[in-house]
Amino acid sequence: MQNNHFIGLGVAGNFAGHLEQAGEAADFAKVKTAEAVQPKAIFPFYVPAENLGDYQFLSTYPLSNDAIHFPQDADNLQIEPEIALICDIAYENNQVISLIPTHFAAYNDCSIRRPNARKICEKKNWGASSKGISATQLPLDHFNEGGTLDNYYIACFHKRDGKLNAYGINSPAVEYSYFHQKLLDWVVNQMNNQPDDGPMNHIAEMLKQANYPTQAIISIGATRYTSFGESNFLQVGDVSMVVVYNAKKYSLSQIEEMAKLQTFSEDISALIQTVR
C-alpha cells in the first residue's frame with residue numbers, strides 16, 4: 001500500500017464514549033452535528049503532497065505493521081484500536097462522488113494526548129511508524145448490512161514484561177455509530193465540504209494539493225478503552241495488538257490465547273507493534 005497514491009483519513013467520534021475517555025470531547029464542543037450519534041469530523045493523518053505549509057508533517061508516511069516509534073516529546077501515548085477501510089475514490093469535476101471499499105484491516109490510530117492541540121491531526125503523525133495497519137488486509141464482499149464485516153469484532157491487547165492485558169473493550173464492528181453506506185456518504189460529504197474550523201482541516205484543499213489521490217485508507221473510529229487502557233500509556237518495549245476477527249469463527253478466549261503467543265490465524269487481521 002505504501003507505493004500507492006492514497007490519502008490517509010480518520011473518523012473522530014464514531015464510537016460512543018471514546019472521546020470522553022480520551023479526554024477529547026471538549027475539542028469538539030463547538031462542532032455542530034445533525035444527530036447526537038453522528039461522528040464529529042474527519043482528519044488527515046497522511047497526505048502525499050510536497051507543499052502542505054503548516055501541515056508538511058502530514059507528508060511523512062506514518063504507517064507500520066510491526067513498530068511504533070516513541071515520540072521524544074510525549075509520555076501519554078495511547079493505542080487506538082480501529083478498523084481501517086481501504087477504498088477507491090471516484091471524482092467528478094474535482095469533487096469526490098463516491099468511496100468504494102475493497103478491503104479492511106486492523107488499525108492502530110496511535111495518538112499523543114495533547115489537550116491544547118489546535119487540530120486533531122497534530123496528535124496523529126509524528127513521523128515514520130507513528131500509526132499502524134495490519135499486513136493482513138481482508139477482502140470485502142460488500143460494505144452493506146449483512147456483509148461479512150458485520151460478523152467481525154475489534155479486540156485490543158497490551159503486553160509489558162510478558163504480562164498481557166485487554167486495552168480496548170472487545171467490540172462488534174456493527175456498534176460503530178455510522179457504518180455501511182451511511183458512513184461512506186457522510187465521509188464523502190466531509191471530504192468535499194468540511195471547513196478549516198476549530199479542530200478540523202479543509203480536506204478538499206488537501207485532496208487538491210495531493211493531485212486527487214485515487215485511494216484512501218480510512219480509519220473509522222476507535223473503540224472504548226478498558227479501565228486498564230484508559231489509565232495506562234505506552235512505554236518503550238511494550239507490545240500493542242489490535243485484532244479484527246470473525247466472532248462466528250473465533251471466541252474471545254481463543255483470540256486471547258493467540259495474543260499471548262503473538263501468533264494469529266491467517267484469516268484474522270492482526271496488527272502487532274513493538275514500541276521502540
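Details of the structure are given in the entry above.
If you're wondering where the values come from, they're calculated on a predicted model, not measured in any experiment.

Caption draft 1: Main features of the overall build of the protein chain. Across its full length, the protein chain carries five helices and 15 strands. Here the C-alpha atoms of the protein chain give a radius of gyration of 17 Å, agreeing with the 19 Å that 2.2 N^0.38 yields for 276 residues. Across its three principal axes, the protein chain shows a C-alpha extent of roughly 50 × 45 × 40 Å. Classification of the 276 residues of the protein chain by burial places 55% in the buried group. Sequence-distant contacts in the protein chain: of pairs separated by 6 or more residues, those separated by 24 or more amount to 78%. Total accessible area on the protein chain stands at roughly 11,600 Å², and carbon and sulfur atoms take up 46% of it. If you average the places of the 20 positive and of the 30 negative side-chain charges in the protein chain, the two averages end up 4 Å apart.

Caption draft 2: Region of the structure containing the sheet that holds strand β4 (residues 67-68). Taking strand neighbours across the sheet as the criterion, the five strands line up as β4-β15-β14-β11-β12 in an open arrangement whose pairing is mixed. This sheet does not close on itself; its edge strands, each paired only once, are β4 and β12 (163-172). Sheet topology places strand β11 (residues 152-160) next to strand β14 (residues 239-246); eight bridges connect them, and they run antiparallel. Directly across from C156, in β14, lies its bridge partner V242. Most of the contacts of helix α5 (residues 252-261) go to β11, to which it runs at about 35°, and overall it touches β11, β12 and β14.

Caption draft 3: Examining the environment of S171 more closely. Within the element layout of this structure, S171 appears in strand β12. According to the relative accessible area criterion, S171 is buried, its value standing at 1%. If we skip the residues at most four places from it in the chain, S171 touches F15, Y152, Y153, I154 and T223. From its side chain, S171 meets the backbone oxygen of I169 in a polar contact 2.6 Å long.

Caption draft 4: Inspection of the environment of Q38 at higher detail. Inspection of the secondary structure puts Q38 in the loop between α1 (18-21) and β2 (41-46). Excluding residues within four positions of it along the chain, Q38 makes contact with G13, T33, Y178 and W186. Within the structure, the side chain of Q38 is placed 3.4 Å from the side chain of Y178, a separation counted as a polar contact.

Caption draft 5: Examining α5 more closely. For α5, the full list of buried residues reads I255, M258 and A259. Take α5 and look down its axis: the buried residues cluster within an arc of 105°, on one side only. Against the buried residues of α5 lie β11, β12 and β14. Looking one or two residues beyond α5, the residue adopting positive phi is Q262, at roughly 55°.

Definitions and cut-offs
Residues numbered from 1 in each chain as written. Predicted model: local features only at pLDDT ≥ 70, side-chain atom pairs only at ≥ 80, totals over all residues. Heavy atoms only, no water. Helix = DSSP H or I, 4+ residues; strand = E, 2+ residues; numbered from the N terminus. Rg over C-alpha atoms; globule rule 2.2 N^0.38 Å. Buried < 20%, exposed > 50% of the residue type's maximum accessible area, 1.4 Å probe, protein only. Contact = heavy atoms within 4.5 Å. Areas by Shrake-Rupley, 256 points an atom, 1.4 Å probe, with all protein chains shown as cover. Lys, Arg positive; Asp, Glu negative; His and termini not counted. Charge placed at Lys NZ, Arg CZ, Asp CG, Glu CD. Pairing = 2+ DSSP bridges. Axes fitted to C-alpha atoms, helices over the stretch in contact; angles between N-to-C directions. Polar contact = N/O pair within 3.5 Å; in protein donor to acceptor, adjacent residues only side chain to side chain. Arc of directions from axis to C-beta.

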